[in-house]
Amino acid sequence: GAGVSQSPSNKVTEKGKDVELRCDPISGHTALYWYRQSLGQGLEFLIYFQGNSAPDKSGLPSDRFSAERTGGSVSTLTIQRTQQEDSAVYLCASSSNRAGANVLTFGAGSRLTVL
Amino acid sequence: GIQVEQSPPDLILQEGANSTLRCNFSDSVNNLQWFHQNPWGQLINLFYIPSGTKQNGRLSATTVATERYSLLYISSSQTTDSGVYFCAFGTASKLTFGTGTRLQVTL
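Everything quoted here is computed from the prediction, not taken from an experiment.

About the cut-offs
- Residues numbered from 1 in each chain as written.
- Chains lettered and ligands numbered in written order.
- Predicted model: local features only at pLDDT ≥ 70, side-chain atom pairs only at ≥ 80, totals over all residues.
- Heavy atoms only, no water.
- Helix = DSSP H or I, 4+ residues; strand = E, 2+ residues; numbered from the N terminus.
- Rg over C-alpha atoms; globule rule 2.2 N^0.38 Å.
- Buried < 20%, exposed > 50% of the residue type's maximum accessible area, 1.4 Å probe, protein only.
- Contact = heavy atoms within 4.5 Å.
- Areas by Shrake-Rupley, 256 points an atom, 1.4 Å probe, with all protein chains shown as cover.
- Lys, Arg positive; Asp, Glu negative; His and termini not counted.
- Charge placed at Lys NZ, Arg CZ, Asp CG, Glu CD.
- Salt bridge = Lys/Arg side-chain N within 4 Å of Asp/Glu carboxyl O.
- Pairing = 2+ DSSP bridges.
- Axes fitted to C-alpha atoms, helices over the stretch in contact; angles between N-to-C directions.
- Buried area = accessible area lost by both parts, 1.4 Å probe.
- Polar contact = N/O pair within 3.5 Å; in protein donor to acceptor, adjacent residues only side chain to side chain.

1. Structural notes on the overall build of chain A
- Each helix and strand counted, chain A has 0 helices and 11 strands in total.
- If you list the helices and strands of chain A from N to C, you get β-β-β-β-β-β-β-β-β-β-β.
- In terms of overall dimensions, chain A is globule-like: its C-alpha atoms have a radius of gyration of 13 Å, near the 13 Å expected for 115 residues.
- For chain A, the spread of C-alpha atoms along the three principal axes comes to 40 × 25 × 25 Å.
- The proportion of buried residues among the 115 residues of chain A is 45%.
- When contacts within chain A are restricted to residue pairs at least 6 apart in sequence, long-range pairs at least 24 apart make up 54% of them.
- On chain A, roughly 5400 Å² of surface is accessible, and the fraction owed to carbon and sulfur atoms is 45%.
- Computed over 11 positive and 10 negative side-chain charges, the separation of the two mean positions in chain A equals 3 Å.

Structure follows, in structure tokens:
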């Protein structure tokens, strides 16, 4: 597509429920990233995909968080047994990852509120 | 670990004024980018600038990698420039973001 698409744009859930957030990157972009933006923590890296593999998942905060990417395209971030501290805006970005021009394009984000 | 410091944290300008935002980083760089987050939360990439100088309209950026800093210049500011400006630094796989400079441009 023309830009990075994320869904849902807003999600309100109860503590303990599982949520799935979806990211559809720019067509042809091989690199995909998930970041999280919360009031107290700023922008935090979560995970990086190159194609379907995730060589860097060092930012995932706990084993309740997981992500996958299929077909070198769409990615899903899953949060199990949500906690109130998971409330944040989850941002997805993609990049062509060409050497010397690794420009990240961000989606509009998915705002997650855990009650 | 990698650290990114931005200054000033907050800035209020009158429309038409110029400004300089600074980003200091803690390590050698092969990936440094500037972003603008508008009041609706959308992050827009302004520059990919691990070294040298680039210009795009009223905006320009300079990175001096040997001294570990980058500057973003905004000239003839407009109200649409309001928002938060982030510097991000790191590798191809992972960027560390600074805490941002919040800019408000008033009439």
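Read on for the rest.
2. What about the pattern of salt bridges?
- Per the counting criterion, the structure on display carries 3 salt bridges over all chains.
- We note a salt bridge from A:Asp86 to A:Arg64, for which the minimum N-O separation is 2.8 Å. Placement of A:Asp86 in the loop between β8 (75-79) and β9 (88-95) and of A:Arg64 in the loop between β6 (53-56) and β7 (65-69) is noted, with a sequence separation of 22 residues between them. Across the pair, exposure class does not vary: A:Asp86 and A:Arg64 are buried alike.
- Of the charged contacts in the structure, one is a salt bridge between B:Arg58 and B:Asp81, with a shortest N-O distance of 2.8 Å. On the criterion of sequence distance, the pair formed by B:Arg58 in the loop between β6 (52-56) and β7 (59-64) and B:Asp81 in the loop between β8 (69-74) and β9 (83-90) is long-range, its members being 23 residues apart.
- A relative accessible area of 26% places B:Arg58 in the partly exposed class.

3. Describing unusual backbone geometry
- For the bond running from A:Ser7 to A:Pro8, omega is -10°, close enough to zero to count as cis.
- As for its position among the elements, A:Pro8 is in the loop between β1 (5-7) and β2 (10-13).
- Backbone torsion omega between B:Ser7 and B:Pro8 reads -10°, so that peptide bond is classified as cis.
- Relative to the helices and strands, B:Pro8 is located in the loop between β1 (4-7) and β2 (10-14).
- Unusually for a residue other than glycine, A:Arg81 sits at a positive phi of about 50°.
- Judged by relative accessible area, A:Arg81 falls into the partly exposed class, the value being 41%.
- In this structure, B:Ser76 takes a positive phi of about 45° despite not being glycine.

4. A few points about the sheet that holds β1(B)
Residue and element names in this part refer to chain B.
- Taken in spatial order, the 5 strands of this open sheet run β1-β3-β8-β7-β6, and their pairing is antiparallel. Each edge of the sheet is formed by a strand with only one pairing partner; in this case those strands are β1 and β6. If you compare each strand with its neighbour and ignore which way they point, the axes differ by 15° on average.
- Judged from the 5 bridges that link them, β6 and β7 form a sheet pairing that is antiparallel. Bridge pairing in β7 links Gly52 to Thr63.

5. Looking at the interface of chain B and chain A
- The interface of chain B with chain A comprises 15 residues on the first partner and 18 residues on the second.
- Approximately 1400 Å² of surface area, both sides summed, lies buried where chain B meets chain A, with 55% of it carried by carbon and sulfur atoms.
- If you look at where chain B meets chain A, you find 0 salt bridges.
- Between the two partners, chain B and chain A, sit 6 residue pairs in polar contact (both at pLDDT 80 or more).
- Of all the secondary-structure elements, those providing two or more residues to the side of chain B that touches chain A are β4 (31-37), β5 (43-48) and β10 (95-97) of chain B.
- Counting residues per element, the side of chain B that touches chain A draws most heavily on β4(B), which supplies 4 residues.

These figures capture arrangement, not role.
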